[in-house]
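Residue-level listing of the chains:
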Amino acid sequence: MRFKNKGRKIYKTKEKRYYRKGKSGRFMSIALTVLLTGGLVFVGYSVAGPLLNYTKKKGDNSISSLGSSTNYSETSEDSGDSLETLENIQTVYKCTFLSRSCLEDIDSLEYEIGEIVETDAEYIVVPLKLSGGKIYYSSDVRGAGYSGAVVSYLELYEIVSAIEEAGLKSIAYMSVLDDNIYPASYPDAGYRIEESGSVWIDDNPYDGGKPWLNPFSYDAVEYSESLADEITLAGFDEIIFSDIVFPPFRESDIEYIGETVRDSGRYTSLVSLANDLYDIAEKNGVPSMLEVSAEDIAKGCAEVFRPGLLSTVMLVVNIDFDNLYTLETTEGKTYHFTGDTASKAKKLMRIIKEDIKDFKVIIRLSGENLYEEDLEETKSELIKLGYESYIY
């Protein structure tokens, strides 16, 4: 992923202004929005085949319409001392993602950092928890190791120190709810079938069906918040929270799971979790960013993306070129994307320009098969549109 030879193909891993409100203010805003806002129809996929069955024990956590975390109903006075305002955010971010493979051992890590030093990058984004649930550092959070999520024995301080010694700044990257590992070992952290209490999975088990972390589950929220706390105490300069999403449900899945995901106000569980993670990072002195799919914003189905309710003012907009061909919005509009990566990116950013205008925006360019030349051209064209900060 380091850019040296012009035209080299880059294999990118798909891991796939509002000032901060106090928690009580956010809760009231979200509750009011639920009363005033119509529901979204969020369509994904699944099948009605065999499902994994677990016995639901007496005393298992119930699911509420706003999430089970006790933090969601806390009230506190807003100190007014938010780390993140548009005025105190630096103008430009030049960021490069580390590869997962370099987090296997300290030698691999230091070698890749040495390559990045030769580029114009000023920040290194470290994939500590990625889509699917794997954790690429030695976590002490309860259940992380037992579930099999931990796949690296590097300590967080080793990662931070190696980046600091190279004269660069570090940004931790944490996928939140796209996690199929933890709920496989801790079923109460996943979605359940309303009628039977069985664990819901996203496909037939014989076809690789998997559970997902459920934002309405206390166990899932506690796990996510504990990881965020552990990471932001380790000395990273900033952190990105990604994948604060629901699974790609089909209507049949929504019927299986029941009222919590049928409710038009279900997005409040995502917003509350995003804001709680923001608060944890802020408490530990670390600015945080929220990553959202550019395509989902354009479609109108990015459910966590509620500008008036989110605490963060820093938004990572992920342009995934792998699936950027045709886009149908929830309002019935259809957009077709043709041409090179620069043309596609410019068109997409123009579509969502008004939606994201109140945030400090960092563009992430992602996809499986990208070339250095294409990325450089795309970056140059986006800079002309006013988007100078980037990650790739």
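Above this text sits the structure in question.
Presented here is an overview of the structure given in this document. Being a predicted model, the structure only gives us computed values, none of them experimental. (Residues numbered from 1 in each chain as written. Predicted model: local features only at pLDDT ≥ 70, side-chain atom pairs only at ≥ 80, totals over all residues. Heavy atoms only, no water.)

All right, on to the nonpolar core then. In terms of nonpolar packing, the biggest core is built from 107 residues, with Ile159, Ile244, Ile319 and Ile356 touching the most fellow members. The element contributing the most residues to this core is helix α8 (residues 267-283), with eight residues. Setting aside residues no more than four positions away along its own chain, isoleucine 159 makes contact with Leu103, Leu109, Val126, Leu128, Tyr136, Tyr137, Leu154 and Phe236. (Core = buried A, V, L, I, M, F, W, Y, C linked by side-chain atoms within 4.5 Å. Buried < 20%, exposed > 50% of the residue type's maximum accessible area, 1.4 Å probe, protein only. Helix = DSSP H or I, 4+ residues; strand = E, 2+ residues; numbered from the N terminus. Contact = heavy atoms within 4.5 Å.)

With that out of the way, let us pick up the packing of aromatic side chains. Taken as a whole and judged by the stated rule, the model has 12 aromatic pairs. Look at tyrosine 191 and tryptophan 200: their rings are 5.8 Å apart centre to centre, the planes differ by 80°, and that puts the pair in the edge-to-face class. Each member of the pair, tyrosine 191 as well as tryptophan 200, is classed as buried. Sitting above the plane of the phenylalanine 246 ring, arginine 266 keeps its charged end 4.6 Å from the centroid. Here the guanidinium or amino end of lysine 347 rests over the ring plane of phenylalanine 337, the centre of that ring lying 5.3 Å away. (Phe/Tyr/Trp six-rings, centres within 6.5 Å; stacked < 30°, edge-to-face > 60°. Lys NZ or Arg CZ within 6 Å of the ring centre and 35° of its normal.)

Most peptide bonds are trans, and most residues other than glycine sit at a negative phi. A positive phi is found at aspartate 243, a non-glycine position, where the angle reads about 55°. Along the chain, aspartate 243 turns up in the loop between β5 (238-242) and α6 (251-257). Since its relative accessible area comes to 12%, aspartate 243 is described here as buried.

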